[in-house]
Amino acid sequence: MTLKPTQTELTARARADLRMGLPVVLEIGGHAGLVAAAETVDAGRLGDLRGFGPLLLAITPRRAATLKARAYSDHVARVHVPRDEGVEWVLGVADPKDDLMKPMKGPLMTERGGDEGVARAAIALAKSAMLLPAALVVPVDNGAEVALSHGLTRVDLTGRPDDPPVTAMEEVVSACVPLEVSEAGRLHIFRPVDGGEEHYAVEIGRPDRDHPVLARLHSACFTGDLLGSLKCDCGPQLRAALAAMGENGSGVLLYLNQEGRGIGLANKMRAYSLQDQGFDTVEANHRLGFEDDERDFRIGSEILAQMGFSAVRLMTNNPTKVAMMEANGIAVTERVPLQVGRGAHNTDYLDTKAAKSGHLL
């Protein structure tokens, strides 16, 4: 018997450490590095990190393109942090909020060649922690020794695939919840085994598992679903989907905690701020260093399969959701359009989703 944490559990711990500004040690393929999130590191820890060697700031190629910095890679750009620059400089490179006021960030010198595995892993960990996709990296010779002597979390990522399989889900509980659209409502709570955000399934009526179920994969939208924001169509889509399931007599709505296309509420608000500066929703994501859409729709397939469904009539305007369902064992017998909520405040947003993200609007 052992109480030693698994690598999955250590990864969850490392996410929390980064959010608090604490460095972690990452190892992959025989290389190790001290890693700290650019967003949360303070001046004291920045100085401590410098004691281990020259600093690199890992950013995504999307952010590097905005800064006119050479990435020398399709996966990560490693920017040399000048010795005389501090936290303000690091945040200035990582966060695009002042790009238009302070366009001259450089010249930025970037690393070419050498191993980039730790830097790539640092970006992925920052993203999973819902932080800006930028991390300070200091290579170290003995990751285990550094972690032990400083009490830091150490994660060995050697052998893990770049595109890991979907995280396993465990259903925690379900209970009846009478809803406005149907008194026969039941809410299921699913918890990822990797310590990530819980996801929910709203079951309307008693859907027949032997026939395609009317279903929707709905990503959480605090501003639209709860506050009634007019900047998106999420709230109207949520209510229209539930109403349709109530009228149909049965259905399943998966409420997936992937706010802001998977970048988290704080980064979503950063994107909104950039939109106020004149960038569209896709351009804003790219300036932050994210892809157009960072969500993992495989989560929906996993939950549906656990609930006993193998085929759906999917309520969506997004062909990517259809393709992802099909690729992960859930047959989509019909795509049911869900075109509601267009207004004066979100017309440009919806037009961008159609033109740049392929939504059928």
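Residues numbered from 1 in each chain as written. Predicted model: local features only at pLDDT ≥ 70, side-chain atom pairs only at ≥ 80, totals over all residues. Heavy atoms only, no water.

A look at the UniProt feature "binding site: Zn(2+)" (unreviewed entry) in the chain
Going by this rule: UniProt positions are given in the numbering used here, feature names are shortened, and annotations may be inferred rather than shown by experiment. Strands here mean DSSP runs of E at least two residues long; helices mean DSSP runs of H or I at least four residues long; both are numbered from the N terminus. A simple rule labels every residue: compare its accessible area, found with a 1.4 Å probe on the protein chains alone, to the largest value its type can have, and call it buried under 20%, exposed over 50%, or partly exposed in between. Contacts are assigned to residue pairs that have any heavy atoms within 4.5 Å of one another.
Cross-referencing UniProt, the feature "binding site: Zn(2+)" (unreviewed entry) maps to C221, C232 and C234 in the present numbering. By secondary structure assignment, the location of C232 is in the loop between α7 (222–226) and α8 (234–248). Given a relative accessible area of 4%, C232 falls into the buried group. When sequence neighbours within four positions are dropped, the list of residues in contact with C232 reads C221, G224, G341, N346 and Y349. Structurally, the position occupied by C234 is in helix α8. Leave out the neighbours within four places in its chain, and C234 touches H218, C221 and D225.

Here we look at the packing of helix α11 (residues 281–288) against helix α14 (residues 347–357)
As a reminder of what qualifies: The angle between two axes is taken between their N-to-C directions and runs from 0 to 180 degrees, where each axis is a line fitted to C-alpha atoms and a helix contributes only its stretch in contact. By definition in this entry, angles of less than 35 degrees are roughly parallel, angles greater than 145 are roughly antiparallel, angles of 65 to 115 are roughly perpendicular, and the rest are oblique. Polarity classes work like this: nonpolar for Ala, Val, Leu, Ile, Met, Phe, Trp, Tyr, Cys and Pro, charged for Asp, Glu, Lys and Arg, and polar for all others, with Gly in that last group.
Interhelical geometry of α11 versus α14 gives an angle of 70° and a closest axis separation of 8 Å. In terms of axis orientation, α11 runs roughly perpendicular to α14. Residue-level inspection shows T281, V282 and E283 of α11 in contact with α14, the latter providing Y349, T352, K356 and S357. When grouped by side-chain class, the residues that make up the contact of α11 with α14 number two nonpolar, three polar and two charged.

Some remarks on unusual backbone geometry
If you check the backbone angles, Y72 has positive phi at about 55° while not being a glycine. Tracing the sequence through the fold places Y72 in the loop between α3 (61–66) and β4 (77–80).

Side note on the UniProt feature "active site" (unreviewed entry) in the chain
Rules: Side-chain atoms alone can form a polar contact between residues adjacent in sequence; in general such a contact is a pair of N or O atoms within 3.5 Å, and within protein one must be able to donate a hydrogen while the other accepts it.
Those residues carrying the UniProt feature "active site" (unreviewed entry) are D293 and R295 in this numbering. In this structure, D293 sits in the loop between α11 and α12 (298–306). With a relative accessible area of 29%, D293 lands in the partly exposed category. Judged by its relative accessible area of 18%, R295 is buried. Beyond its immediate stretch of four places on either side in the chain, R295 contacts S219, Q258, R261, G262, N318 and K321. Polar side-chain contacts of R295 include one of 3.0 Å to the side chain of S219.

Overview of the sheet that holds strand β13 (residues 331–336)
Test applied: At least two DSSP bridges between two strands are required for those strands to pair.
Reading across from one edge, β7-β8-β9-β11-β10-β12-β13 is the order of the seven strands in this open sheet, with mixed pairing throughout. In this open sheet, the two edge strands, each paired with only one partner strand, are β7 (169–176) and β13. The average undirected angle you get between the axes of adjacent strands in this sheet is 25°. Sheet strands in contact with α12 are β7, β8 (185–192), β9 (199–204), β10 (213–219), β11 (251–256) and β12 (311–315), and its direction is about 140° off that of β11.

With respect to the packing of aromatic side chains
Threshold: Ring geometry is summarised as follows: Phe, Tyr and Trp rings, the Trp one being its six-membered ring, pair when their centres sit within 6.5 Å, and such pairs are stacked at plane angles under 30 degrees, edge-to-face over 60 and tilted between the two. We count a charge as sitting over a ring when the NZ of a lysine or the CZ of an arginine lies within 6 Å of the ring centre and within 35 degrees of the ring normal.
Tallied over the entire structure, the rule returns one aromatic pair. Plain terms: the ring middles of Y200 and Y255 are 6.3 Å apart, the flat faces sit at 10° to each other, and that makes the pair stacked. Residue Y200 is found in strand β9, and its partner Y255 is found in strand β11; the two are separated by 55 residues along the sequence. With a relative accessible area of 18%, Y255 lands in the buried category. Cation over ring: K231 sits above Y272, and NZ or CZ is 4.7 Å from the ring centre.

Side note on the sheet that holds strand β1 (residues 24–28)
The strand order across the open sheet built from six strands is β4-β3-β5-β2-β1-β6, with neighbouring strands paired in mixed fashion. Of all the strands in the sheet, just β4 and β6 (154–156) have a single pairing partner and so form its edges. For this sheet, the mean angle separating the axes of adjacent strands, direction not counted, is 30°. Pairing analysis gives four bridges linking strand β3 (residues 56–59) to β4, with the strands arranged antiparallel. Its bridge partner being in β4, A58 is matched across the sheet by R78.

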